[in-house]
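What the coordinates show
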Amino acid sequence: MNWTDSLDIAIALDEAHPDTDPLTIGFVDLRAMVMALDEFDDDAEKTGEKILEAIQMNWIEERE
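The following refers to the structure shown. The structure displayed is predicted, hence computed values, not measured ones.

**Focus: the nonpolar core**
General note: in soluble globular proteins, nonpolar side chains tend to be found buried as a group. Within the largest apolar cluster, 14 residues are counted, with the highest numbers of intra-cluster contacts made by Ile-9, Leu-13, Leu-30, Val-34, Ile-55 and Trp-59. Sorting the residues of this core by element identifies α1 (6–16), α2 (27–36) and α3 (49–63) as the ones contributing at least two each. Excluding residues that lie within four positions of it along the chain, Val-34 makes contacts with Trp-3, Ile-9, Leu-13, Phe-40 and Ile-55.

Following this line, the structure appears as structure tokens:
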């Protein structure tokens, strides 16, 4: 997965962290969680606030 795969990342995060409320995660922690995913393979410097926000919003929607 790459940073642009925000929905796939959100699904993987939801599976990896079922007890974590995505509303309580800051972008620094979210970035670290994404980079720790086994399926994730992209450059850490290729992300920004908009990408992290998209991932977080998709994760929130996955929970609903």
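**Remarks on a negative patch on the surface**
A cluster of acidic residues, Glu-15, Asp-38, Glu-39, Glu-61, Glu-62 and Glu-64, forms a negative patch on the protein surface. For Asp-38, the position within the fold is in the loop between α2 and α3. Under the relative-accessibility criterion, Asp-38 is labelled exposed at 78%.

**Re the pattern of salt bridges**
This model, assessed by the stated rule, comprises three salt bridges. In this structure, the salt-bridge partner of Asp-14 is Arg-63, at a minimum N-O distance of 2.3 Å. One end of the pair, Asp-14, is in helix α1; the other, Arg-63, is in helix α3, and 49 residues separate them in sequence. When its relative accessible area of 33% is taken as the criterion, Arg-63 is described as partly exposed. The closest approach of N and O atoms between Lys-46 and Asp-42, which form a salt bridge, is 3.7 Å.

The rules behind these values
Residues numbered from 1 in each chain as written. Predicted model: local features only at pLDDT ≥ 70, side-chain atom pairs only at ≥ 80, totals over all residues. Heavy atoms only, no water. Core = buried A, V, L, I, M, F, W, Y, C linked by side-chain atoms within 4.5 Å. Buried < 20%, exposed > 50% of the residue type's maximum accessible area, 1.4 Å probe, protein only. Helix = DSSP H or I, 4+ residues; strand = E, 2+ residues; numbered from the N terminus. Contact = heavy atoms within 4.5 Å. Patch = residues over 30% accessible without salt bridge, like charges linked within 9 Å, V, L, I, M, F, W, Y side chains within 5 Å. Areas by Shrake-Rupley, 256 points an atom, 1.4 Å probe, with all protein chains shown as cover. Salt bridge = Lys/Arg side-chain N within 4 Å of Asp/Glu carboxyl O. Lys, Arg positive; Asp, Glu negative; His and termini not counted. Charge placed at Lys NZ, Arg CZ, Asp CG, Glu CD.

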